[in-house]
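Chain by chain, the residues:
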Amino acid sequence: MYWYHWITLGSLGICFANSLVHFLRLIRLGKPMDYSSPAGKIIPSIQYSFTGAMNPVKKESAFLHLPTYFAGIIYHLGTFLSILMFFLIWSDLPLQDILIYSIVSFLLISFSCGIGILIKRLLKKGLRDLSNPDDYLSNLLVTGFQLMTGIVLLWNQAYPAYFILSSLLLLYFPLSKLKHAIYFFAARYHLGFFFGWRGIWPPKKLERNGGWEN
Amino acid sequence: MGELNKEQIRKGLQVFQNLSDSKLITHLNSCVHCGLCAESCIYYLATKENRFTPARKVDIVASIYRRYHTITGKFLPGLINARELNEETTDEMVDLLFGACTMCGRCTMHCSIGVDIEYLVRVGRTMLSNMGMVPATLQSTVNAAVETGNNMSIPNDEFIATLKWMEEELIDEVNNPNAKIPVNESGKRILYTLNPREPKFFPLSISAMAKIFFAAGESWTLSTQMYDVTNYAYFSGNPDEARLIALRLWNEMGNLNAQTLVLAECGHGSRAFRWEAPNYLQEHFPFEVKTSVECIADYIREGKIHLDPEKIKDVVTLHDPCNLVRSGGIIHEQRYILNRFIANFVEMTPHGIDNYCCGGGGGQLSMSEYNERRMKIAEIKARQIRNTGASVVVTPCHNCVDQLNQINVFFKLGVRIKTLAEIVADALILDTESP
Ligand code: SF4
Ligand code: SF4
């Protein structure tokens, strides 16, 4: 292990410990206690919250903003791929050239999506007014991480820079909006709980004879 | 707004403590500032003002949380826009959370992450309520309910006189001298409630529901002590006052020994009692609670009432009250009822859980200082109604009726606004052998 590995390992530990604190707090606080009588079922609704309710056809945040929506999806896929590559790069597992070029090509696309989202944030007044420095910094770190992953796959001289950037990202994660990676799941869970309890999700169809079906 | 004192700030910040579950922490930490919720909100759609986007309402509450409850907010507040709870912030909060949100929850359904935006608006309103900063107009509606038992301060003798008058109307209408509007009768199956707008402005809706009960042969009563289904403290964000108002209705069920509480056509009132009251009081209902919409649907399903499909020839559309539908789960019953007897029923686009608020929710009808803004956002609903080509708009909510009546005049729509009970009562086939 080189010095930069040690730095990254330390950062990974700090990131993990901090994230664990957030996660454990959510677990400790637990699920809602609702005294009203439920009108529906929680589990199918939570499932729906993560599936059908996320369908872009159902969400204005998706179908009214298709370019941003797809850019966001690709960007997030690029992030997951970069995280996977982080562990592969660290473990020095050999990869076939064709796989490397495919991954790098995808990361280039996801990197462009990240830059596109950043430019949109800078250019659109409404979005600019909503943004704080963390919104820009989080984007830059993640987009940079994707770029560096691609670079390091092609050119291993970039290892120190890659691991330093990874360390910065890991240290910044729990302090910033990036921790929505944890809270996203909790938010979908709570939404599923709320709408399931009240019998709103999953949606029921109105039948002609007046009954309803799931 | 005057300078805040330490005690106000302490009370305001209390909402972030004493957490009972992980919901608040979750939603305060989830927004990614993507801004994609803007077009789901009638305030933004109608005004195109960026400050009215749902994300800004989330952010003002979350920014205060970040300032006092996160490491970054304590040491690097500028990095994450973590804001102090001060006069500037609270002025903006009052304007955004009270003056620019009907708490319709539409944005929540469409948020890319799943942030419960409406819930955070309510949390923000509770902060302001703790600090004594609820707009005076809204607070006076709450005070009226707390002090007089109904939000319109209707004196009891006036209420009783109105009921007597409506009973005479009912007798004429059903042509049966035995028809009555029972008052304070113990041991009935149903205790029925009212929105005080009914005795005050729309008394015929009382006789309409009485006619339905009569036709169904129902055992029911009204209470003169506690009949108000509304709970404006739900909107002002004051849980103590909300609890007090809910408790009165709860107790009246016991006093009159009724089995089922039927909530009148009132979106927020239904929500505040059916879904929130047990949590305000931390008790499970010892009795059955249902909305009048479900009650009417059951009568039809059970064959207790019959409707004449030839009676209403108009093109009819339906406005879905947000708190009854999107947050209350009463989505199909009103459609089931209307489809039984309305030949020309047209849905609005969008409708159901995706509907647009009429603009009168969230206590907006009480807060006259925002009247101009309220009528501006109402253009979304006006356009929806116009596009249906309907001449009658039905809605199971008296607050919505009030706002829709104003929309009708303001935008010269030339439609008639009716509650569900009213249109059902119009088409009732009366069994001459009814009691
Ligand atoms: S709850 Fe309704 S009015 Fe309030 S921000 Fe969301 S969409 Fe707008
Ligand atoms: S859509 Fe949701 S996550 Fe995006 S800005 Fe609006 S509230 Fe925040």
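What counts, and where the lines are drawn
- Residues numbered from 1 in each chain as written.
- Chains lettered and ligands numbered in written order.
- Predicted model: local features only at pLDDT ≥ 70, side-chain atom pairs only at ≥ 80, totals over all residues.
- Heavy atoms only, no water.
- Helix = DSSP H or I, 4+ residues; strand = E, 2+ residues; numbered from the N terminus.
- Buried < 20%, exposed > 50% of the residue type's maximum accessible area, 1.4 Å probe, protein only.
- Contact = heavy atoms within 4.5 Å.
- Areas by Shrake-Rupley, 256 points an atom, 1.4 Å probe, with all protein chains shown as cover.
- Domains from an automatic or database assignment.
- Buried area = accessible area lost by both parts, 1.4 Å probe.
- Salt bridge = Lys/Arg side-chain N within 4 Å of Asp/Glu carboxyl O.
- Polar contact = N/O pair within 3.5 Å; in protein donor to acceptor, adjacent residues only side chain to side chain.
- Nonpolar A, V, L, I, M, F, W, Y, C, P; charged D, E, K, R; others polar.

Caption draft 1: Representation of the overall build of chain B. Each helix and strand in chain B was counted, giving 22 helices and 8 strands. Overall, chain B is about 75 × 45 × 35 Å in size when its C-alpha atoms are taken along their principal axes. Counting every position in chain B, which comprises 435 residues, the buried fraction comes to 66%. Counted over contacts in chain B with a minimum sequence separation of 6, partners at least 24 positions apart contribute 80%. Accessible surface, chain B as shown: approximately 15,200 Å² in total, 49% of it carbon and sulfur.

Caption draft 2: Here's a closer look at the overall build of chain A. On a plain count of helices and strands, chain A comes out with 9 helices and 2 strands. For chain A, the N- to C-terminal ordering of α and β elements is α-α-α-α-α-α-α-α-α-β-β. If you line up chain A on its principal axes, its C-alpha atoms span 70 × 40 × 40 Å. Classification of the 214 residues of chain A by burial places 47% in the buried group.

Caption draft 3: Main features of the domain arrangement of chain B. Residues and elements named next belong to chain B. Split into domains, chain B comes out as domain 1 (6-133), domain 2 (140-302) and domain 3 (316-432). Of the residues lining the interface, 32 residues belong to domain 2; the matching set on domain 3 comes to 31 residues. Across the domain 2 to domain 3 interface the summed buried area is about 2,700 Å²; carbon plus sulfur atoms make up 65%. For the domain 2 face of the interface with domain 3, the top three residues by lost area are Arg-197, Glu-265 and Val-293, together amounting to 23%. Across the contact surface, domain 2 and domain 3 share 1 salt bridge. In this structure, the connection of domain 2 to domain 3 is made through 13 residue pairs in polar contact (both at pLDDT 80 or more). Listing elements by their share of the side of domain 2 that touches domain 3, those giving two or more residues are α10 (156-174), α11 (197-200), α12 (204-216), α13 (233-236), α15 (267-281) and α16 (292-301). By residue number, the principal contributor to the side of domain 2 that touches domain 3 is α12, which donates 8 residues.

Caption draft 4: Fine view of the interface of chain A and chain B. Taken residue by residue, the interface counts 58 residues in chain A and 61 residues in chain B. The junction of chain A with chain B conceals about 4,900 Å² of combined surface from both sides, 59% of it contributed by carbon and sulfur atoms. The largest contributions to the chain A side of the interface with chain B come from A:Tyr35, A:Leu130 and A:Arg198, which together make up 16% of the buried area. In this assembly, chain A and chain B are joined by 2 salt bridges. A salt bridge links B:Glu276 to A:Arg198; the shortest N-O distance between them is 3.0 Å. Here chain A is connected to chain B by 24 residue pairs in polar contact (both at pLDDT 80 or more). Looking at the side of chain A that touches chain B, the elements that each hand over two or more residues are α1 (3-29), α3 (60-63), α5 (97-123), α6 (125-130), α7 (133-154), α9 (180-197) and β1 (205-206) of chain A. The element contributing the most residues to the side of chain A that touches chain B is α9(A), with 11 residues. Classifying every residue of the side of chain A that touches chain B by side-chain character gives 27 nonpolar, 12 polar and 19 charged.

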